[in-house]
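Given next are the chains, with one letter for each unit.
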Amino acid sequence: MNIDKPKEFLVLKSGIWYTISHFLVKGMVLITTPVFTRLLTKDEFGYYSNYVSWLNIFQVIATLNVQATLVSAKYDYKRNFNEYVLSVFSLSALSILLWTIFINIFSKEMCSFLSLDIKYINLMFIYLLMLMSITIFQKKEQFFYRYKTTVIISMIITLFTAFLSIVLVMLFKNKIWGRILGSVIPTIIIGLILCIELIYKGKRVNIKCWNYALPICLPYIPHLLSMTLLNSMDRTMITKICGVEFTALYSVATTCGSAVSVINASLNDAFSPWLADKLNSKEFVKIKKVSYFYVGIFTYGAFGIMLFSPELLWLLGGKEYMEAQYVMPPIAMGAICQFLYTMFVNIEQARKKTLGMAIASAIAALINFILNSIYIPKFGYIAAAYTTLIGFMCLLFMHMFLVKIIGFSSVYNYKFFLFIILGMCFLTIGVNYLFVALKLRYLIIAIYLISILVFLPKPINIINTFIKHDKIN
C-alpha cells in the first residue's frame, strides 16, 4: 500500500526549494545592480529607483493584498476554492483599474507628484495587474505544497527579466524606457498566462467573496505601509542627518544582512500553509514541537551571518565598506525578531484577526521614527540599526500579546521565545567585540562550522520521527 508523504516532509522539501528560489532572485539583483549603475547615468538610475519606490507603494494600496485572505479561505471555501481565488483576483483587478482611471484623470497633478511620466505609470499598473495573477496563483499552489510550479515561475521571471533589461537598456536610446520595459515584460507575459488559468478554473466571479475578503485584507494596507516605512525610514533619515556616504555604508550592510530575511521568507512560504492546516485540526502540540526545531535552525543560521559579517561585507562592498561590519549584528538580530513575529502573524492571518496587525505595525514605525530622530544625530548611522531592532522587538512583543488575546498562546512556548531573544541579544553585543579579536572569532567560526556537521543528522531524524508518527496514525 502506498503511503503519502507526510506534510512535515513536504514542508522541509518545499522550504529548501523556496530558499533556493529566493536566493536566486536576491542574488540576481545583487549581480545586475553593478551592471545597471554603469549602463545608466546617475539621473537615469535615480529615476528608475523612484519608479520602483512608487511601485512598492502602489503594490500595497492598489492591489489590496487579497492573497492574504487565501490562508483562511482555503477552509471556509473548501468546496469552491478556485471560484474564491478568481473572485478576489477580480476584486484586486477592479481596484487597480480604478486607481489607473483616477491617475489618468488627474494625470498632470499625479505626474508632478510622483515625478514620473504617465506612460511609465500606466505600464506600472498593467504590471501590477499581471503580478497579482502570479502572486495569487503561487500562493494557492503553496497551500497545496506544489512548490515546483512556483519555484519554476520565479526562476523564469528572474532570469528573463535580468537578461531582457540589460539587452533593452543597451539597445534603446531612451534607457529608462528600456530598463522599465525589461523589468515588466516577463511578468506581463507569465501573468497573462496565469490570469487565463485562474479564469478557466474559477469559472465565475462571486461578489459575496468580496464581503469575506475586504475585512481581512483592508487592515493589511496600513500594516504593509507601516512595514515599508519601518524598513526604509532608516536610509532616508541617515541621508538627511549624516549624508549619502553613510547611507551607502548602511545600505551595503543591510543588503548583506538581507540574507537572513531571504531565509525567513523562504521558510515561511513552506511553514505558513502547514501551520494553517495544523491550526484547523487543532494539533497545537505538534505545532509547538516543530516550532522548537524551526526557531532553533533559523536562529543558528542568523548567528552564522553575524559571525561572517566582515567577510560578507568585503565580498559585496570591498575594503571601503568594512566599517559597516558593526551594523550587521543588530540587523541580523532584527531579522530574527522579524522571523519570530511572522510566526505569530501567521496565526492572526489564519484566524482572520488582521486589525491588530495594522495597529502594531503603525506603533512600531512611530517608535522607530522617534528613536531615529533622537539617536542618529547623537551616535551616527550605526544607531539606526539598533533603533530598527528595537522597533522589530516591540512589534514581536505586540504580536505575542495579540495572539494571547485571541486565545492561541498555547500554540507556542512563550518562555522559549523570550529565552531565544535574550540569548541572541547577548550574542549580538558579543559579536561586535569579536571583530577586533580575530583569533577568537576564527576559533568560534571553526567550532560553529564543525557543530553544523555534527548536528546535521538531527533534522533528518526529526523528519523520520514525523513520518513514523503519521504512518501509525
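Residues numbered from 1 in each chain as written. Predicted model: local features only at pLDDT ≥ 70, side-chain atom pairs only at ≥ 80, totals over all residues. Heavy atoms only, no water.

## Brief notes about the overall build of the protein
And step 1. Tallying secondary structure elements over the protein gives 19 helices and zero strands in all.
And step 2. Counting every position in the protein, which comprises 473 residues, the buried fraction comes to 52%. (Helix = DSSP H or I, 4+ residues; strand = E, 2+ residues; numbered from the N terminus. Buried < 20%, exposed > 50% of the residue type's maximum accessible area, 1.4 Å probe, protein only.)

## Comments concerning the confidence of the model for the protein
And step 1. Summing up the model confidence of the protein, the mean pLDDT is 81 and the portion of residues at 70 or higher is 82%.
And step 2. Within the protein, the lowest mean pLDDT, 48, falls on helix 19 (residues 457–472), and the highest, 94, falls on helix 4 (residues 81–105).
And step 3. Scored below 50 in pLDDT, residues 466–473 makes ten contacts in the model with residues more than four places away or belonging to other chains. (pLDDT = per-residue confidence, 0-100. Contact = heavy atoms within 4.5 Å.)

## So, the environment of Phe369
And step 1. Mapped onto the fold, Phe369 is located in helix 15 (residues 355–379).
And step 2. Along the chain, Phe369 and Asp234 lie 135 residues apart, while their C-alpha atoms are 8.3 Å from each other.
And step 3. Excluding anything up to four places from it in sequence, Phe369 contacts Met233 and Met237.

## Considerations on helix 16 (residues 382–405)
Because each turn of an α-helix spans 3.6 residues, side chains separated by three or four positions end up pointing in the same direction.
And step 1. Taking 1.5 Å per residue as the helical rise, helix 16 with its 24 residues ought to reach 34 Å, and the 36 Å between its terminal C-alpha atoms agrees with that figure.
And step 2. Within two residues after helix 16, Gly407 carries a phi angle of roughly 90°, on the positive side. (Expected span 1.5 Å × (residues − 1).)

## What to know about the pattern of salt bridges
And step 1. This model, assessed by the stated rule, comprises five salt bridges.
And step 2. Among the ionic pairs, Glu83 bridges to Arg204, the shortest N-O distance being 3.0 Å. Within this pair, whereas Glu83 is found in helix 4, its partner Arg204 is found in the loop between helix 8 (175–202) and helix 9 (208–217), the two being separated by 121 residues in sequence.
And step 3. The exposure class of Glu83 is buried, given its relative accessible area of 11%.
And step 4. Note that Lys201 is salt-bridged to Glu197, the shortest N-O span being 3.2 Å. (Salt bridge = Lys/Arg side-chain N within 4 Å of Asp/Glu carboxyl O.)

## Some points on a nonpolar patch on the surface
And step 1. Together, Leu94, Leu97, Leu98, Ile101, Phe102, Ile105 and Phe106 make up a nonpolar patch on the protein surface, roughly 640 Å² of accessible area in all.
And step 2. Within the secondary structure, Phe106 is located in the loop between helix 4 and helix 5 (107–114).
And step 3. Taking relative accessible area as the criterion, Phe106 reaches 37% and is therefore assigned partly exposed. (Patch = residues over 30% accessible without salt bridge, like charges linked within 9 Å, V, L, I, M, F, W, Y side chains within 5 Å. Areas by Shrake-Rupley, 256 points an atom, 1.4 Å probe, with all protein chains shown as cover.)

## Thoughts on the side chain of Thr63
And step 1. Tracing the backbone through its elements, the reader meets Thr63 in the loop between helix 2 (42–61) and helix 3 (70–76).
And step 2. Residues in contact with Thr63, not counting those within four places in the same chain, are Phe58, Ser92, Ile96, Leu128 and Met132.

## Structural notes on the environment of Gln142
And step 1. Relative to the elements of secondary structure, Gln142 occurs in helix 6 (residues 118–143).
And step 2. Under the relative-accessibility criterion, Gln142 is labelled buried at 9%.

## A few points about the packing of helix 15 against helix 16
And step 1. Two numbers describe how helix 15 lies on helix 16: the axes approach to 8 Å, and their chain directions differ by 155°. Between helix 15 and helix 16, the angle falls in the class roughly antiparallel. The way helix 15 lies across helix 16 gives a crossing that is right-handed.
And step 2. When the residues that make up the contact of helix 15 with helix 16 are grouped by side-chain class, the tally is 16 nonpolar, eight polar and no charged. (Axes fitted to C-alpha atoms, helices over the stretch in contact; angles between N-to-C directions. Parallel < 35°, antiparallel > 145°, perpendicular 65-115°, else oblique. Left-handed = near helix turned anticlockwise from the far one by under 90°. Nonpolar A, V, L, I, M, F, W, Y, C, P; charged D, E, K, R; others polar.)

## Structural notes on unusual backbone geometry
And step 1. In this structure, Leu64 is a non-glycine residue whose phi angle is positive, near 70°.
And step 2. If you trace the backbone, Leu64 turns up in the loop between helix 2 and helix 3.
And step 3. The exposure class assigned to Leu64 is buried, which follows from its relative accessible area of 10%.
And step 4. Its identity as a non-glycine residue notwithstanding, Asn65 has a phi of 55°, on the positive side.
And step 5. Relative to the elements of secondary structure, Asn65 occurs in the loop between helix 2 and helix 3.

## Points about the side chain of Ser183
And step 1. With respect to the helices and strands, Ser183 occurs in helix 8.
And step 2. Looking at Ser183, the relative accessible area reads 10%, which means it is buried.

## What to know about the packing of aromatic side chains
And step 1. Across all of its chains, the model carries 24 aromatic pairs by this definition.
And step 2. Measuring from centroid to centroid gives 5.5 Å for Trp54 and Phe113, while their planes differ by 55°, and the two rings are tilted. Here Trp54 is found in helix 2, whereas its partner Phe113 is found in helix 5, with 59 residues between them in sequence.
And step 3. Summarising the aromatic geometry, the rings of Tyr326 and Phe435 are spaced 5.5 Å apart at their centres and angled 75° between planes, so their arrangement reads as edge-to-face. Remark: Phe435 occurs in the loop between helix 17 (414–434) and helix 18 (438–455) and Tyr326 occurs in the loop between helix 13 (309–316) and helix 14 (328–350); sequence separation between them is 109 residues.
And step 4. Using a relative accessible area of 8% as the deciding quantity, one classes Phe435 as buried.
And step 5. Each residue in the set Trp54, Phe58, Trp99, Phe102, Phe106, Phe113 and Phe125 is aromatic and connected to the rest through ring pairs, giving one cluster.
And step 6. Here the guanidinium or amino end of Lys119 rests over the ring plane of Trp177, the centre of that ring lying 4.8 Å away.
And step 7. One Lys or Arg, Lys203, reaches over the ring of Tyr200 and ends 4.6 Å from the middle of that ring. (Phe/Tyr/Trp six-rings, centres within 6.5 Å; stacked < 30°, edge-to-face > 60°. Lys NZ or Arg CZ within 6 Å of the ring centre and 35° of its normal.)

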